[in-house]
Amino acid sequence: MNTNVIVAVFTIAVTAIIWFGTTRNDASWTGNRNVCVGECYETWKSENGGSIADIERTKQDLLAAASPEALGEKYYGQCIACHGGNGEGGIGPMLAGQTVAVITDKLTGYRAGEARGAQSALMWPVAKAMSDSDIANIAAYVGTL
Ligand code: HEC
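Residues numbered from 1 in each chain as written. Predicted model: local features only at pLDDT ≥ 70, side-chain atom pairs only at ≥ 80, totals over all residues.

**Student:** Give a detailed account of the packing of helix 4 (residues 68-75) against helix 8 (residues 132-142), specifying residues and quantitative values.
**Tutor:** Packing of helix 4 against helix 8 brings their axes to within 7 Å, and their N-to-C directions diverge by 95 degrees. Relative to helix 8, the element helix 4 lies roughly perpendicular. Between helix 4 and helix 8, the residues in contact are P68, E69, L71, G72, E73 and Y75 and D134, A136, N137, I138, A140 and Y141, respectively. Here the contact of helix 4 with helix 8 is built from residues that sort into seven nonpolar, two polar and three charged. (Axes fitted to C-alpha atoms, helices over the stretch in contact; angles between N-to-C directions. Helix = DSSP H or I, 4+ residues; strand = E, 2+ residues; numbered from the N terminus. Parallel < 35°, antiparallel > 145°, perpendicular 65-115°, else oblique. Contact = placed C-beta atoms within 7 Å. Nonpolar A, V, L, I, M, F, W, Y, C, P; charged D, E, K, R; others polar.)

**Student:** Describe the site of the ligand, listing the residues and the values that go with them.
**Tutor:** Among the 22 residues in the neighbourhood of the ligand, the closest are listed as C79, C82, G92, G117 and Q119. Those elements that place two or more of their residues in the shell around the ligand are helix 5 (80-83) and helix 6 (100-111). A breakdown of the residues in the shell around the ligand according to their chemical character gives 14 nonpolar, six polar and two charged. (Near = placed C-beta within 6 Å.)

So, in structure tokens, the structure goes:
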């Protein structure tokens, strides 16, 4: 067999596969096409409490209405391993009992890369990721501990 024959056979085979695939397409097939429109979407909406946009709006409203303490508590999940579930300390110092202003100051300092104690390097990457409102929320929460 020379190359031309191989190419010809290959082309015919591919054409046959494509032809077979398109002519045998079953338009009435109702299996999963990875789309959910029309009736499917209406059902989904009634089961999930509204359209995707409605759900997202509700989520944003709830988030905006959440207190700083509640948002801070959520963020504090990242601190528990070192500062304890109730701010009692562990790898890091005890946070419970410190005022909102003091916590805000210390976190702002770490975020600016300031050294406070011997292990400040552990706090720099943690604080670096915080926005002003993250710090305010965390401080509000830690202030309640
Ligand atoms: C990997 C462990 C670790 C994690 C995670 C961590 N910290 Fe710390 N944190 C420390 C250590 C260690 C210190 C003491 C640093 C020093 O020597 O200055 C510290 C110090 C602090 C201080 C100053 C305390 C004081 O009285 O001097 C605050 C405030 C603080 N961390 C808040 C947080 C918050 C809020 C989080 C979570 C967003 C967090 N830390 C996550 C280890 C950690």
